[in-house]
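# Inside the fold
One-letter residues, chain by chain:
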Amino acid sequence: NATGEYEPNFVNADLDPGALAESVRVAKEGRLCFHGSSGTGKTAFARWLVSQCELPLIVKRGSDLVSPYVGQTERNIAHAFGEASETNSALLIDEFDCFLQDRRHAWRNWEIAQVNEMLVQVDEYRGVFIATTNRLNAMDPAILRRFDIKVEFGYLAPQQIEVLFQKHCQLLGLDRPSATIVNDLRQLTNATVGDFAVISRQSRLNRISSPEMFLSRLRKECSFREEGKRPIGFLN
């Protein structure tokens with residue numbers, strides 16, 4: 001949030017995030033897939049969850065693992081899991097979908113080989129492994145079956161938007177939002193924690209002088225998203 005301290009109560013997921021973090025902390029093991037639209041807090045929650053487990057974290061983006069050389073992507077995948085095992089670290093792979101497309105639509109041998117290597121590594125790994133994706137439907141079904149839990153991250157619920165908005169107004173030294181603004185906030189159906197983070201960074205370069213201006217910028221960020229999914233999660 002705006003204070004720099006992570007607050008899991010601003011996650012809107014279809015599973016209680018606090019209960020999930022506690023379960024993984026106790027087990028020190030789990031294969032988790034976090035999916036949902038960009039900005040919904042998947043990666044930030046993954047980092048927080050691992051911190052609750054008091055484990056070191058290795059982070060890889062899907063693009064870090066992909067190589068144009070035949071066989072190198074598979075070696076990169078194996079090395080990432082090997083490093084996590086050797087150092088007793090949790091492994092987070094962001095943008096997991098970028099190289100694990102459904103094999104039913106693949107026609108190159110190396111595409112199939114990459115998915116097969118990931119299947120082997122996930123099956124053999126004993127630790128905390130988290131993958132995040134914005135495109136769950138594009139992923140190979142065999143990969144999806146390997147995850148113990150798949151958690152969907154939705155847009156912020158109305159009460160979350162209101163609390164975040166008030167927090168940011170306070171930190172920016174703005175007036176308390178009026179009842180009209182609060183009512184307008186409740187009409188937003190696709191706001192994310194990422195939107196608030198973007199606006200907070202904007203304010204350093206382009207000062208926000210009123211709650212009305214803040215609301216205008218929030219609406220603009222939301223307008224960049226084509227779909228208008230409603231918040232779906234545990235908090236609703």
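Since this is a predicted model, take the numbers as computed values, not measurements.

A word on helix H1 (residues 17-27). For an α-helix, the turn length of 3.6 residues means that residues three or four places apart are oriented alike. For H1, the set of buried residues is Pro 17, Leu 20, Ala 21 and Val 24. Angularly, the buried residues of H1 cover 100° about the axis, an arc narrow enough to put them on a single face. Against strand E1 (30-36), helix H2 (42-52), strand E4 (128-133) and strand E5 (149-153) lie the buried residues of H1. Looking at where H1 begins, the residue whose side-chain oxygen comes 3.1 Å from the main-chain nitrogen of Gly 18 is Asp 16. Looking one or two residues beyond H1, the residue adopting positive phi is Lys 28, at roughly 55°.

Of all hydrophobic cores here, the largest spans 23 residues; its most connected members are Phe 81, Leu 91, Phe 96 and Phe 129. Those elements that place two or more of their residues in this core are helix H4 (72-86), strand E3 (90-94), helix H5 (109-124), E4 and helix H6 (141-146). Other than its neighbours up to four places away in sequence, Leu 91 contacts Leu 57, Ile 58, Lys 60, Ala 80, Phe 81, Ala 84, Tyr 125, Val 128, Phe 129 and Ile 130. Judged by nonpolar contacts, the second largest core, of 20 residues, contains Ala 13, Ala 46, Val 50 and Val 128.

Moving on to unusual backbone geometry. Look at Glu 54: it is not a glycine, yet its phi comes out positive at around 55°. Overall, Glu 54 belongs to the exposed group, its relative accessible area being 73%. Of note, Glu 95 is a non-glycine position whose phi angle comes to about 55°, a positive value. As for its placement among the helices and strands, Glu 95 is situated in the loop between E3 and H5.

Turning our attention to the side chain of Thr 192. Along the chain, the position of Thr 192 falls in the loop between helix H8 (179-185) and helix H9 (193-205). Looking at Thr 192, its side chain comes within polar contact range of the main-chain nitrogen of Gly 194, at 3.2 Å. Those residues in contact with Thr 192 that lie beyond four places of it in its chain are Ser 38, Gly 39, Thr 40, Tyr 155, Leu 156 and Arg 225.

Attention now moves to the packing of helix H7 (residues 158-171) against helix H10 (residues 211-223). Running from N to C, H7 and H10 point in directions that differ by 130°, and their axes come no closer than 11 Å. Here H7 lies oblique to H10, going by the angle between them. In this structure, the crossing between H7 and H10 has a hand that is right-handed. Residues Ile 161, Phe 165, His 168 and Cys 169 of H7 pack against Pro 211, Phe 214, Leu 215 and Leu 218 of H10. Classifying every residue of the contact of H7 with H10 by side-chain character gives 7 nonpolar, 1 polar and no charged.

Assignment of secondary structure puts Asn 134 in the loop between E4 and H6. Overall, Asn 134 belongs to the partly exposed group, its relative accessible area being 47%. Those residues in contact with Asn 134 that lie beyond four places of it in its chain are Gly 36, Ser 37, Ser 38, Lys 42 and Asp 97. At 3.0 Å, the side chain of Asn 134 and the side chain of Lys 42 are in polar contact.

The rules we used
Residues numbered from 1 in each chain as written. Predicted model: local features only at pLDDT ≥ 70, side-chain atom pairs only at ≥ 80, totals over all residues. Heavy atoms only, no water. Buried < 20%, exposed > 50% of the residue type's maximum accessible area, 1.4 Å probe, protein only. Helix = DSSP H or I, 4+ residues; strand = E, 2+ residues; numbered from the N terminus. Arc of directions from axis to C-beta. Contact = heavy atoms within 4.5 Å. Polar contact = N/O pair within 3.5 Å; in protein donor to acceptor, adjacent residues only side chain to side chain. Core = buried A, V, L, I, M, F, W, Y, C linked by side-chain atoms within 4.5 Å. Axes fitted to C-alpha atoms, helices over the stretch in contact; angles between N-to-C directions. Parallel < 35°, antiparallel > 145°, perpendicular 65-115°, else oblique. Left-handed = near helix turned anticlockwise from the far one by under 90°. Nonpolar A, V, L, I, M, F, W, Y, C, P; charged D, E, K, R; others polar.

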